[in-house]
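A closer look at the structure
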Amino acid sequence: MPKVFITGADRGLGFALCKEFLLRGWTVFGGKYLQDYSLLEKEREKNPALHIIPLDAGDTSSIVRANNLTSEKTDSLDMLISNAALMGEVHCSIDEPPMDLQATWNSFSVNALGPAHMVEFFLPLLDKGNLKRLCFVSSEVSSITLMKNRAGNSYPYSMSKSSMNMGVRLMHNLLFPQGYSFRLYHPGWMKRQMQDGTLSEKAALDPADTAAHASKYFETPLKDEHRLVMYDYLSQEWPF
C-alpha cells in the first residue's frame, strides 16, 4: 500500500486530497494545524488508513516532531504533497504603508521555506519509498509573467509562492538525478470549507473536484518527467 504525507490537511483541498488518496487505497498521513477543525478526526473514524499528524509547516520544531511521529508509524513514504499555505488579509504593499514585514515573514516561513523544510526532514523516509514523488500546490499569482497587469495585490502571498516555485526548481535540480519526480500545481479558486464541512458560495471550484484531478495528476507517471512545469486543474500549462 503506497503512503503519502499531505500538509495543510485540515480542510479544503488538503482534506479533499486525504479523502481522494484514501479512496485510491493509499495510507495517508494528514498534517493538522487548525485545532478548531475536526474533519480529519471524523474521517479517521471511517478509515484507519488515515493518520493525523500535528504540524505547523512554518515551525522547524513542529516539522521535526511530525517527522518523528510519522517515522514511528512507517519506515517509508512514496509521496509528499506540500499544500499548507498562509493566506488571509495581510496589508503589505507600498501603497498601504506601513508595510507589515512580520506578516510577510510569516507567509514566507509557511509558503516558501515550509515546503523545502518538509522535504529536508522527510527525505530519509522518501528515500526508502518506491515512487519518490514531491508535489507542491502553487498559485496563479506565483507567475511573475502573468502578474504584469495585476495591480493591487498584497505582497506576502504572491511573493512567497513565487519563492516556493524557485525552491522547487532548486530541489528539482538536486533530486531529479537521484530518482525523484516533481509536480507543481495551480488548483484554481476554490470555495472555503467551514468547520461543519460545508462550503462557502464565494469562489468557483469545489475542493473535492480539484482534488480528484490533482490526485490523478500527482499519481500518474508522465512521459516528460525531466520537465518541471506548472499545470492547473484544467491540465493547462502555466508559466512560472
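Since the structure is predicted, the reported quantities are computational estimates derived from the model, not experimental observations.

**A short note on the state of the cysteines**
- Going through the model one piece at a time under the given rule, you end up with 0 disulfides.
- Here Cys-18 is not cross-linked by a disulfide; its sulfur's nearest cysteine counterpart is in Cys-135, at 13 Å.
- Classification of Cys-18 by relative accessible area gives buried; the value is 0%.
- Residue Cys-135 is classed as buried on the basis of its relative accessible area of 0%.

**Concerning the sheet that holds strand E8 (residues 237-238)**
- Read from one edge to the other, the open sheet built from 8 strands follows the order E3-E2-E1-E4-E5-E6-E7-E8, with strand pairing classed as mixed. Each edge of the sheet is formed by a strand with only one pairing partner; in this case those strands are strand E3 (50-54) and E8.
- One ladder, built from 4 bridges, connects strand E4 (residues 79-82) with strand E5 (residues 133-137); its direction is parallel. Within E5, the residue paired with Ile-81 across the bridge is Cys-135.
- With respect to the sheet, helix H2 (residues 39-46) is in contact with strand E2 (27-32) and E3, its orientation differing from that of E3 by roughly 150°.
- The strands touched by helix H5 (residues 155-175) within the sheet are E5 and strand E6 (181-186), with E6 carrying the most contacts at an inclination of about 165°.

**Quick notes on a nonpolar patch on the surface**
- Among the surface-exposed residues, Ile-94, Met-99 and Leu-101 lie close enough to one another that they form a single nonpolar patch of about 320 Å² accessible area.
- Mapped onto the elements, Ile-94 comes out in the loop between E4 and helix H4 (101-127).

**With respect to helix H3 (residues 60-73)**
- Spanning 14 residues, H3 covers 20 Å between terminal C-alpha atoms, matching the ideal 20 Å at 1.5 Å per step.
- Taken together, the buried positions of H3 are Ser-62, Ile-63, Ala-66, Asn-67 and Thr-70. Down the axis of H3, the smallest arc covering the buried residues is 140°, so these residues share one side.
- Looking at the packing, one finds that the buried side of H3 touches strand E1 (3-6), E2, E3 and H4.

**Re the environment of His-51**
- Here His-51 lies in strand E3.
- On the basis of relative accessibility, which here comes to 23%, the residue His-51 falls in the partly exposed class.
- Here the alpha-carbon distance between His-51 and Gly-31, two residues 20 residues apart in the chain, equals 8.7 Å.
- Other than its neighbours up to four places away in sequence, His-51 contacts Thr-27, Val-28, Phe-29, Gly-30 and Lys-73.

**Description of the pattern of salt bridges**
- Applying the stated criterion across every chain, the model contains 8 salt bridges.
- Across the salt bridge formed by Arg-183 and Glu-225, the nearest N and O atoms sit 2.8 Å from each other. With Arg-183 in strand E6 and Glu-225 in the loop between helix H6 (207-219) and strand E7 (230-232), the pair connects residues that are 42 residues apart, well separated along the chain.
- Classification of Arg-183 by relative accessible area gives buried; the value is 0%.
- Across the salt bridge formed by Arg-227 and Asp-224, the nearest N and O atoms sit 3.2 Å from each other.
- Given a relative accessible area of 34%, Arg-227 falls into the partly exposed group.
- In this structure, a network of salt bridges that share partners links the residues Glu-20, Arg-24 and Glu-219.

Conventions adopted
Residues numbered from 1 in each chain as written. Predicted model: local features only at pLDDT ≥ 70, side-chain atom pairs only at ≥ 80, totals over all residues. Heavy atoms only, no water. Disulfide = S-S within 2.5 Å. Buried < 20%, exposed > 50% of the residue type's maximum accessible area, 1.4 Å probe, protein only. Pairing = 2+ DSSP bridges. Helix = DSSP H or I, 4+ residues; strand = E, 2+ residues; numbered from the N terminus. Contact = heavy atoms within 4.5 Å. Axes fitted to C-alpha atoms, helices over the stretch in contact; angles between N-to-C directions. Patch = residues over 30% accessible without salt bridge, like charges linked within 9 Å, V, L, I, M, F, W, Y side chains within 5 Å. Areas by Shrake-Rupley, 256 points an atom, 1.4 Å probe, with all protein chains shown as cover. Salt bridge = Lys/Arg side-chain N within 4 Å of Asp/Glu carboxyl O. Expected span 1.5 Å × (residues − 1). Arc of directions from axis to C-beta.

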